[in-house]
Amino acid sequence: MDSTTFSKFLKSKLINYSNKDSSQRMRELIKSKILLFTDLHSNPEKFFLAHRIVASITPEIGTGFWVRLTVQYNLFAGTILALGTQHHIEELCHIQEHGLLGCFCLTEKFAGVHSGLVIDITAEWNNDTKHFAINSPTMESAKNWISQGLVADKAVVIATLVVNNKQYGIQGFLVNLRDNGVLLPGISMWDMGKKTVGNDLDNAMLM
């Protein structure tokens with residue numbers, strides 16, 4: 001990777017520090033294929049060089065963009081690479097091709113500081129429809145402070161797997177949030193508002 005070219009690409013996409021512009025810059029980075037999701041496995045030196053470059057120019061492109069990069073490439077795509085099937089890896093290629101944004105839904109409102117230790121969202125297998133039903137039973141089980149959640153098209157949702165009324169522990173599920181930019185039925189999200197710093201990054205509560 002040419003670090004100068006990569007830096008110029010990111011800086012050229014800067015309009016202002018709004019999260020709208022920051023998320024659009026991420027979409028353009030994904031579609032450019034300068035950095036592939038699969039580089040985490042196939043070209044880790046390039047992958048972590050890109051992270052160092054973004055860290056070094058953070059004051060110029062917005063402090064939230066660094067977090068946005070790690071959410072998109074590490075938490076979202078990295079989890080799919082680590083836990084997904086071949087079908088999911090192929091889906092990552094589609095996500096890259098179309099510049100789709102992802103988020104990582106772990107922390108729940110009720111969990112407080114015990115992030116990841118309290119998971120009340122369920123993924124219940126329906127043997128008739130052959131689908132999982134992802135359900136937030138209460139407001140306390142809403143996914144909380146989800147970076148890039150307000151604009152994401154897809155999510156890795158950490159949920160408790162339920163089959164025939166029996167729980168099988170915590171699993172990750174790749175979930176569609178939007179279709180052509182339109183929020184899908186049954187999904188709700190709220191902007192968690194202005195922060196002290198990093199307001200070029202959106203944070204959401206999702207159910």
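The shown structure was predicted, so the numbers you read here are calculated from the model rather than taken from an experiment.

**Brief notes about the overall build of the protein chain**
- Check the secondary structure of the protein chain and you find seven helices and 10 strands.
- Taking 17 Å as the expected radius of gyration for a compact globule of 207 residues, we find that the protein chain reaches 17 Å, a close match to that expectation.
- Each of the three principal axes of the protein chain carries a C-alpha extent, and together these read 55 × 40 × 30 Å.
- Out of the 207 residues belonging to the protein chain, those deemed buried represent 44%.
- Across the protein chain, contacts joining residues at least 24 apart in sequence account for 65% of those joining residues at least 6 apart.
- When the 19 basic and 19 acidic side-chain charges of the protein chain are each reduced to a single mean position, those positions are 5 Å apart.

**Topic: the nonpolar core**
- Within the largest apolar cluster, 31 residues are counted, with the highest numbers of intra-cluster contacts made by L10, M26, L29, Y73 and L92.
- Every element with two or more residues in this core is listed here: α1 (3-12), α2 (19-32), α4 (44-56), α6 (63-83), α7 (86-98) and β5 (154-163).
- It is α6 that contributes the most residues to this core, seven residues altogether.
- Setting aside residues up to four positions removed in sequence, M26 forms contacts with F65, R68, L69, Q72, Y73, L101 and Q148.
- Among the nonpolar cores identified, the runner-up in size contains 17 residues, and C105, A152, L177 and A204 belong to it.

**A short note on the confidence of the model for the protein chain**
- Here the protein chain averages 92 in pLDDT, and 96% of its residues register 70 or above.
- Here α1 is the element of the protein chain with the lowest mean pLDDT, 78, and strand β1 (residues 102-105) is the one with the highest, 98.

**So, α7**
- Taking 1.5 Å per residue, 13 residues should reach 18 Å; α7 reaches 19 Å between its end C-alpha atoms and fits that length.
- Within α7 the residues assigned to the buried category are I89, E91, L92, I95 and Q96. Angular distribution of buried residues about the axis of α7 spans 155°; they occupy a single face of the element. Away from its buried face, by an angle of more than 90 degrees, α7 presents the exposed residues Q86 and H87.

**Quick notes on the pairing of strand β6 (residues 166-176)**
- Sheet analysis places β5 next to β6, joined by nine bridges and oriented antiparallel. Bridge assignment links T160 to a residue of β6, and that residue is I170.
- Between the antiparallel neighbours β5 and β6 lie two residues, among them N164 with a positive phi of about 50°.

**A closer look at the packing of α2 against α6**
- Relative orientation of the contacting elements α2 and α6 amounts to 45°, with a least axis distance of 11 Å. Taken together, the axis directions place α2 and α6 in an arrangement best described as oblique. Between α2 and α6 lies a crossing of right-handed hand. Across from N19, S22, S23, R25, M26, L29 and I30 in α2, the residues of α6 making contact are F65, R68, L69, Q72 and Y73.
- Here the residues of the contact of α2 with α6 sort into six nonpolar, four polar and two charged.

**Side note on the sheet that holds strand β4 (residues 143-147)**
- The three strands are arranged β4-β10-β9 in an open sheet whose pairing can be described as antiparallel. Each edge of the open sheet is held by one strand with a lone partner, namely β4 and β9 (189-191). Between one strand and the next, the sheet's axes are offset by a mean angle of 30°, whatever the strand orientation.
- Across three bridges, the pairing between β4 and strand β10 (residues 203-206) is antiparallel. Residue pairing for β10: S147 is matched across the bridge by N203.

Conventions we followed
Residues numbered from 1 in each chain as written. Predicted model: local features only at pLDDT ≥ 70, side-chain atom pairs only at ≥ 80, totals over all residues. Heavy atoms only, no water. Helix = DSSP H or I, 4+ residues; strand = E, 2+ residues; numbered from the N terminus. Rg over C-alpha atoms; globule rule 2.2 N^0.38 Å. Buried < 20%, exposed > 50% of the residue type's maximum accessible area, 1.4 Å probe, protein only. Contact = heavy atoms within 4.5 Å. Lys, Arg positive; Asp, Glu negative; His and termini not counted. Charge placed at Lys NZ, Arg CZ, Asp CG, Glu CD. Core = buried A, V, L, I, M, F, W, Y, C linked by side-chain atoms within 4.5 Å. pLDDT = per-residue confidence, 0-100. Expected span 1.5 Å × (residues − 1). Arc of directions from axis to C-beta. Pairing = 2+ DSSP bridges. Axes fitted to C-alpha atoms, helices over the stretch in contact; angles between N-to-C directions. Parallel < 35°, antiparallel > 145°, perpendicular 65-115°, else oblique. Left-handed = near helix turned anticlockwise from the far one by under 90°. Nonpolar A, V, L, I, M, F, W, Y, C, P; charged D, E, K, R; others polar.

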